[in-house]
Amino acid sequence: MGIDTERFRDALVDERRRVEHALATLRDEHPGSLDEEVEETAPTNDNHLAETATATLGREIDYTLGENSEQVLAEIDRALQRIDDGTYGTCVGCGDEISPARLEVSPWASLCIDCKRRAEGG
Ligand SMILES: [Zn+2]
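Definitions and cut-offs
- Residues numbered from 1 in each chain as written.
- Predicted model: local features only at pLDDT ≥ 70, side-chain atom pairs only at ≥ 80, totals over all residues.
- Heavy atoms only, no water.
- Helix = DSSP H or I, 4+ residues; strand = E, 2+ residues; numbered from the N terminus.
- Buried < 20%, exposed > 50% of the residue type's maximum accessible area, 1.4 Å probe, protein only.
- Areas by Shrake-Rupley, 256 points an atom, 1.4 Å probe, with all protein chains shown as cover.
- Donors = N, O, S within 2.8 Å, 3.2 Å for Na, K, Ca; no water.
- Tetrahedral: all angles 85-135°; square planar, octahedral: opposite > 155°, others 65-115°.
- Axes fitted to C-alpha atoms, helices over the stretch in contact; angles between N-to-C directions.
- Parallel < 35°, antiparallel > 145°, perpendicular 65-115°, else oblique.
- Left-handed = near helix turned anticlockwise from the far one by under 90°.
- Contact = heavy atoms within 4.5 Å.
- Nonpolar A, V, L, I, M, F, W, Y, C, P; charged D, E, K, R; others polar.
- Core = buried A, V, L, I, M, F, W, Y, C linked by side-chain atoms within 4.5 Å.
- Phe/Tyr/Trp six-rings, centres within 6.5 Å; stacked < 30°, edge-to-face > 60°.
- Lys NZ or Arg CZ within 6 Å of the ring centre and 35° of its normal.
- Expected span 1.5 Å × (residues − 1).

## Some details on the overall build of the protein
The secondary structure content of the protein amounts to six helices and zero strands. Along the chain direction, N to C, the helices and strands of the protein fall in the order α-α-α-α-α-α. A buried classification covers 38% of the 122 residues belonging to the protein. Total accessible area on the protein is roughly 7200 Å²; 47% of this is exposed by carbon and sulfur atoms.

## What to know about the coordination of the zinc ion
Taken together, the protein ligands of the zinc ion are C91 (SG), C94 (SG), C112 (SG) and C115 (SG), with distances of 2.2 to 2.3 Å. Classification of the site at the zinc ion as tetrahedral follows from its four donor atoms and the range of 103 to 113° in their angles at the metal. Donor residues for the zinc ion sit on one chain with the sequence pattern C-x2-C-x17-C-x2-C. Of this pair, C94 sits in the loop between α4 (69-85) and α5 (100-105) while C112 sits in the loop between α5 and α6 (113-119), and the two are 18 residues apart along the sequence.

## Focus on the packing of helix α1 (residues 5-29) against α4
Where α1 contacts α4, the two axes come as close as 9 Å, and the packing angle between them is 160°. Between α1 and α4, the angle falls in the class roughly antiparallel. As α1 packs across α4, the resulting crossing turns out to be left-handed. The segment α1 lies against α4, with T5, F8, R9, L12, V13, E15, R16, V19, E20, L23, L26 and R27 engaging S69, E70, V72, L73, I76, D77, A79, L80, I83 and D84. Residues of the contact of α1 with α4, tallied by class, amount to twelve nonpolar, two polar and eight charged.

## Some thoughts on the nonpolar core
If you look at the biggest cluster of nonpolar residues, it comprises 20 residues, and the most contacted ones within it are L12, I76, Y88, C91, L103 and W108. Those elements that place two or more of their residues in this core are α1 and α4. With six residues, α4 is the single largest residue contributor to this core. When near neighbours in sequence (up to four residues on either side) are disregarded, I76 contacts L12, E15, R16, V19 and W108.

## Considering the packing of aromatic side chains
The way to describe two aromatic rings as a pair is by their centre distance and the angle between their planes. Per the stated rule, a full pass over the model turns up one aromatic pair. Positioned above the aromatic ring of F8 is the side chain of R7, whose terminal nitrogen or guanidinium carbon lies 5.2 Å from the ring centre.

## Notes on α4
Given a rise of 1.5 Å per residue, 17 residues ought to cover 24 Å, and the 24 Å separating the end C-alpha atoms of α4 matches this to within 8%. When α4 is considered as a whole, its buried residues turn out to be S69, Q71, V72, L73, E75, I76, A79, L80, R82 and I83. Residues of α4 that are buried make contact with α1. Where α4 terminates, the next one or two residues include G86, which has phi positive at roughly 80°.

Remember, this is a structural readout, not a statement about activity or role.
Here you go:
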């Protein structure tokens, strides 16, 4: 076990709080819009992808997580579960270790960068 899971747990709990707050704010400002317009739920964990999706829908939501927030929340919960299970930091696709640098950027990542690229068809 080469990574400090407790540190990532803190980061995840922190991020979860932020996303929940953002979701609550979005719901206040755009009642109903989140649930109605959920399109495809591809595994897009990275913020820039969320931005792209938001821009595509032409909405003026300046919080980068946009309508991906609920999915990010689910990802965070799964990551916390993996910490409890002792499988955190292991790619669910190929079983290799996810690079710590990637976890720094996306603590909830469940795929290594190779599997992630493959999942996105790139
Ligand atoms: Zn992998």
